[in-house]
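One letter stands for each residue in the lines below.
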Amino acid sequence: MFEGFRTFDIACGDINIHGRIGGSGPPLLLLHGHPQSHVIWHRLAEPLASRFTVVATDLRGYGDSSKPPGEPDHANYSKRAMAEDQVAVMRELGFERFLLCGHDRGGRVAHRLVMDHPDRVDKLMLLDIAPTLAMYEQTDRTFATAYFHWFFLIQPSPLPETLIETSPNDYITRTMGGRHASLDAFDPAAIAEYQRCLAQPGAAHALCEDYRASSAIDLEHDRADREAGRRIACPVSVLWGKHGIIERCFDPLAEWRAVAERVEGEALPCGHYIPEEAPEALLDRINRFMTHA
């Protein structure tokens, strides 16, 4: 995996962000989702590196990045704080402006990043999410059943942490394997990496804090944007899985057009984990969208 890439650990205030960088060309930052790490990009990183300088990081609380204890209001796991980490990483690597692609939780960090730092991102791609505020406001039985983890992980500490820490390996395989593609879509080496990372001290707590922040302080930030009329200014491409819950429960293009100026997108023939289920289709869409003037 990631042949020709080098790893890095960059200090962002009092935490470190781990990642890899490789290739040449315009800088492209890739942000992963739950319950994974930057390894989700292992089928895309090398081909993308022929056109882009690819930066793939572990979000705060995930992979081999720092996992600080959560604050009472969960602010240090807000998408605002996590976006600040990524801006600092890119600045340290020498990139004041960059292209951005985020899957799942990484997409939520990416959304906040372009709102708080509109001068940093030239183009944004979001994978299999609708805006967080829209998803909470439109929650119904179908969504809550399929995305039960949204409501399990926000329970007060230490209940969800204790249950996850009982068997982090099972949490990975049952969470990821219980969706459209089953575990067959994933490289066993990638699954083993996700399991290794979730077994680290503090990892289960950090994962929960990410979701606690999204159900609390992140919604405050999103509502403030809506009330002020702030919208995403850069071009946005939204992709989602034809066989996923976003397709079933939401209108992704309509929801993103409500918060962004210029939005295109489509469903891909896969489930939630687009980078691992449909890497060739995603590679084609990234190349086309990110390089088209």
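Structure: see above.
So, here's what we can say about the structure. Please read these numbers as outputs of a predicted model, since none were measured by experiment. (Residues numbered from 1 in each chain as written. Predicted model: local features only at pLDDT ≥ 70, side-chain atom pairs only at ≥ 80, totals over all residues. Heavy atoms only, no water.)

**Looking at the side chain of histidine 32**
Consideration 1: Among the secondary structure elements, histidine 32 is positioned in the loop between strand E3 (27-31) and helix H1 (45-48).
Consideration 2: The buried category is assigned to histidine 32, whose relative accessible area is 0%.
Consideration 3: A polar side-chain atom of histidine 32 sits 3.0 Å from the main-chain amide nitrogen of leucine 59. (Helix = DSSP H or I, 4+ residues; strand = E, 2+ residues; numbered from the N terminus. Buried < 20%, exposed > 50% of the residue type's maximum accessible area, 1.4 Å probe, protein only. Polar contact = N/O pair within 3.5 Å; in protein donor to acceptor, adjacent residues only side chain to side chain.)

**Quick look at the environment of proline 68**
Consideration 1: Counting through the fold element by element, proline 68 comes out in the loop between strand E4 (53-57) and helix H2 (79-92).
Consideration 2: The exposure class assigned to proline 68 is buried, which follows from its relative accessible area of 17%.
Consideration 3: Note: C-alpha distance between proline 68 and histidine 18 (50 residues apart in sequence) is 14 Å.

**Digging into the sheet that holds E4**
Consideration 1: If you trace the eight strands from one edge of the open sheet to the other, you get E1-E2-E4-E3-E5-E6-E7-E8, paired in mixed fashion. Each edge of the sheet is formed by a strand with only one pairing partner; in this case those strands are strand E1 (6-12) and strand E8 (263-268). Here the average twist between neighbouring strands, direction ignored, is 20°.
Consideration 2: Helix H3 (residues 105-116) contacts E3, strand E5 (98-103) and strand E6 (121-127) of the sheet and is inclined by roughly 140° relative to E5.
Consideration 3: Helix H15 (residues 279-291) contacts E3, E5, E6, strand E7 (236-241) and E8 of the sheet and is inclined by roughly 155° relative to E6. (Pairing = 2+ DSSP bridges. Axes fitted to C-alpha atoms, helices over the stretch in contact; angles between N-to-C directions. Contact = heavy atoms within 4.5 Å.)

**As for the packing of H2 against H3**
For any two helices packed against each other, one specifies the crossing angle of their axes together with the interaxial distance.
Consideration 1: Close contact between H2 and H3 brings their axes to 8 Å; oriented N to C, the two are set at 80°. It follows that H2 is roughly perpendicular to H3 by the angle criterion. Note on element contacts: H3 touches H2 through Arg105, Arg108, Val109, Arg112, Leu113 and Asp116, opposite Lys79, Arg80, Met82, Ala83, Gln86 and Val87.
Consideration 2: Broken down by class, the residue content of the contact of H2 with H3 amounts to five nonpolar, one polar and six charged. (Parallel < 35°, antiparallel > 145°, perpendicular 65-115°, else oblique. Nonpolar A, V, L, I, M, F, W, Y, C, P; charged D, E, K, R; others polar.)

**Comments concerning the layout of surface pockets**
Consideration 1: Each pocket or cavity is described by its volume, and for the largest pocket that value is around 280 Å³.
Consideration 2: What lines the largest pocket is a set of 16 residues, among which Leu133, Asp222, Arg226, Ala258 and Val259 lie closest to the centre.
Consideration 3: Contributing elements (two or more residues each) for the lining of the largest pocket: H3, helix H4 (132-137) and helix H11 (217-228).
Consideration 4: It is H4 that provides the largest number of residues to the lining of the largest pocket, a total of four residues.
Consideration 5: Residues belonging to the lining of the largest pocket are distributed by class as follows: six nonpolar, three polar and seven charged. (1 Å grid on protein atoms, 1.4 Å probe; cavity = no way out; pocket = protein on both sides within 12 Å on 5 of 7 lines; lining within 4 Å. Points joined across faces, edges and corners; volume = space filled by probe spheres on them.)

**Some thoughts on the pairing of E7**
Consideration 1: The buried fraction of E7 amounts to six of the six residues, a majority that puts the element mostly inside the structure.
Consideration 2: Neither face of E7 is open: one carries Val236, Val238 and Trp240, the other Ser237, Leu239 and Gly241, and all of them are buried.
Consideration 3: The pairing of E6 with E7 spans four bridges and is classified as parallel. Pairing of methionine 125 across the sheet is with serine 237, part of E7.
Consideration 4: Sheet analysis places E7 next to E8, joined by six bridges and oriented parallel. Each residue of the ladder has a partner; that of tryptophan 240, found in E8, is alanine 267.

**Focus on the side chain of arginine 112**
Consideration 1: Relative to the assigned elements, arginine 112 resides in helix H3.
Consideration 2: Looking at arginine 112, its side chain comes within polar contact range of the side chain of aspartate 222, at 2.9 Å.
Consideration 3: Separated by 2.7 Å, the side chains of arginine 112 and aspartate 225 make a polar contact.
Consideration 4: When residues no more than four places from it in sequence are discounted, the contact partners of arginine 112 are Lys79, Arg80, Ala83, His221, Asp222 and Asp225.

Nothing here speaks to function; it is geometry throughout.
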